[in-house]
Amino acid sequence: MTEERDGTASVHEAAGPAERVGGETAFRRHRTRTGSADHAGPDGPTGAAAPEDVVIGEPPGHEHPRTTPTTPTADENQRPRRRGPGPFTLIVAPSLLALIGVSGYLALSGGFSPEQSQGPDPAQTSVGNVDASFVPWLRKAADACTVVTPSLLAAQIDQLSGWSNDSASLSQQGIAGFTDAQWRTWGRDDNANGRSSPRDPEDAIMALGRQDCSLAEKVTDLRTEGTVSGDLVDLTLAAYTVGTDTVKQAGRVPTDARAFLKQVKARLPRYDALVRRTPDQNGGQNASAVLTHPVGTLTVTSSFGSRTHPLTGVTKLHTGVDFGAPQGAQVSAARDGRIEFAGTTTAYGIRVVIDHGSIGGKRLQTTYSHLSALQVTAGQTVTAGTPVGLVGSTGLSTGPHLHFEVLLDGQYMDPLPWLSTAR
């Protein structure tokens, strides 16, 4: 089986000092006086006793006074000494009694059930952070693209403001922290209350969805061209944090954006159960088998969808289909169009991107990666069946094959429904 890396160029209460010293001093003084060598002190190996008559914990040069032992009188020998309660009576016994009581209560009440042992239900913990009435707005805002999901928007807002309208910044307003300039670009009166305001949660959610989806489209184009590599969600959040130009210059998620990514992703689980949305990756209804075969025989060696990468072990979206083919086999354009990119990238190796114009009002593109040779140039017009290159294993690849992708309005689709059954 031959597979590639999908554009990823590389690619988880101690006691205070005084208490501890005091405890060790008492322990070692007792040990020295009894002469026991069977139990080591806290800092020493078993059998290593402190020197005789040395009291550890005393200041250097301090001489511990010695006393001459006295012989007990007859009366003292006859009267048993009264001892106070020991540590077991004072500390251990009450603790054991309390533990037994709590354990008994939990056992009777079902407190040790497997469900509770796994932690709280994410759906219950997440509802407290966002009003349930905002969920339809989160879904609507995420409808503009498949990269951004309702859960991602909710986690992003949580990180930005904790869903609070009371921003500490004078320049950033509302739950999504929009500046005046940003709001002029993305803000609208989405809730139709007669005003467009970043302090209206519904308007802010929709505006953030538009902004994020615009960034997702830009980084998708950059990754399609081979300019950047990495997960599209990570690249989108990075572009939100540090700007698209900075991401482009770095070629991946910049270091300055990683903290924000980590914080947002840490919040995702608490929203997944509440606003989980499975992106519609099925292009069957729009496809109508409008593409011809890019290689002679369509032998699928790795299908479209979530998979564990064979090189990195990372589970992520496989953005295309791998067709097994021998080295040097002919690769052809799957539809009439214009060569948008033809060149070499780090992850995809020798790669061709064809713009097929609009279909159903949406932009259609196909890509051909890991080629061994190019047969077209950027800007060239091609028809279905025009040779574009030869099968190879360039870039991050484990063997000769064609990695074929279909993008509709910048979103990756399952290529198979788009391909005709006849050669």
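Described in the following lines is the structure provided in the data block.

What counts and how
For every chain, the first residue of its written sequence is number 1, and the numbers climb from 1 along that sequence. Under the rules for a predicted model, residues below a pLDDT of 70 receive no local features and side-chain atom pairs below 80 are neither given nor counted, while totals for whole chains, interfaces and linings still include all residues. Only hydrogens and water are set aside; all other atoms, that is, all heavy atoms of the structure, feed into the side-chain values. Two strands are said to pair when DSSP picks up at least two bridges between them. Helix and strand definitions follow DSSP, with helices as H or I runs of at least four residues and strands as E runs of at least two, each counted in order from the N terminus. By disulfide we mean two sulfur atoms from cysteines, separated by a distance within 2.5 Å. Exposure categories follow from relative accessible area, calculated using a 1.4 Å probe and restricted to protein chains: below 20% of the type maximum is buried, above 50% is exposed, and the middle band is partly exposed. An axis is simply a line fitted to the C-alpha atoms; with a helix, the fit covers only the stretch in contact. Between two such axes, the angle follows the N-to-C directions and lies from 0 to 180 degrees. In this scheme the handedness of a crossing depends on how the near helix is turned from the far one: anticlockwise by less than a right angle means left-handed, clockwise means right-handed. Any two residues whose heavy atoms approach within 4.5 Å at even a single point are treated as in contact. Charged means Asp, Glu, Lys or Arg here, nonpolar means Ala, Val, Leu, Ile, Met, Phe, Trp, Tyr, Cys or Pro, and polar covers whatever is left, Gly included. Expected span of a helix, by definition, is 1.5 Å for each gap between consecutive residues, and there is one gap fewer than residues.

This brings us to the pairing of strand E8 (residues 362–374). Note on strand geometry: in a regular strand, side chains alternate between the two faces of the sheet. Where strand E7 (residues 349–359) lies against E8, seven bridges are found, and the strand directions are antiparallel. Within E8, the position partnered with Ser358 by the bridge is Arg363. Looking at chain direction, E8 and strand E11 (residues 401–408) are connected through six bridges and run antiparallel. Counted as the bridge partner of Thr367 is Glu405 from E11.

Under the criterion given, the structure shown has one disulfide. Covalently, Cys145 is tied to Cys213 through a disulfide, its sulfur atoms 2.1 Å apart. Of note, the bridge from Cys145 to Cys213 carries an S-S torsion of about -75 degrees and is left-handed in sense. Of this pair, Cys145 sits in the loop between helix H6 (135–142) and helix H7 (150–161) while Cys213 sits in helix H9 (residues 201–224); the two residues are 68 residues apart in sequence, bridging distant segments of the chain. One exposure class covers both Cys145 and Cys213, and it is buried.

A word on the packing of H7 against helix H10 (residues 232–242). At their nearest, the axes of H7 and H10 sit 13 Å apart, and the two run at 35 degrees to each other. Crossing of H7 over H10 shows right-handed handedness. Of H10, the residues touching H7 (which contributes Leu152, Gln156 and Leu160) are Val233, Leu237 and Tyr240. Per-class residue counts for the contact of H7 with H10 are five nonpolar, one polar and no charged.

What follows deals with the environment of Ser169. Relative to the helices and strands, Ser169 resides in the loop between H7 and helix H8 (180–186). You can call Ser169 partly exposed: its relative accessible area is 28%. Spatially, the C-alpha atoms of Ser169 and Thr179 are 9.8 Å apart, while their sequence positions differ by ten residues.

Between its first and last C-alpha, H9 extends 34 Å over 24 residues, near the 34 Å set by a 1.5 Å rise per residue. For H9, a buried count of 21 out of 24 residues is recorded, marking the element as mostly surrounded by other parts of the structure. The positive-phi residue at the C-terminal boundary of H9 is Gly226, with phi of around 85 degrees.

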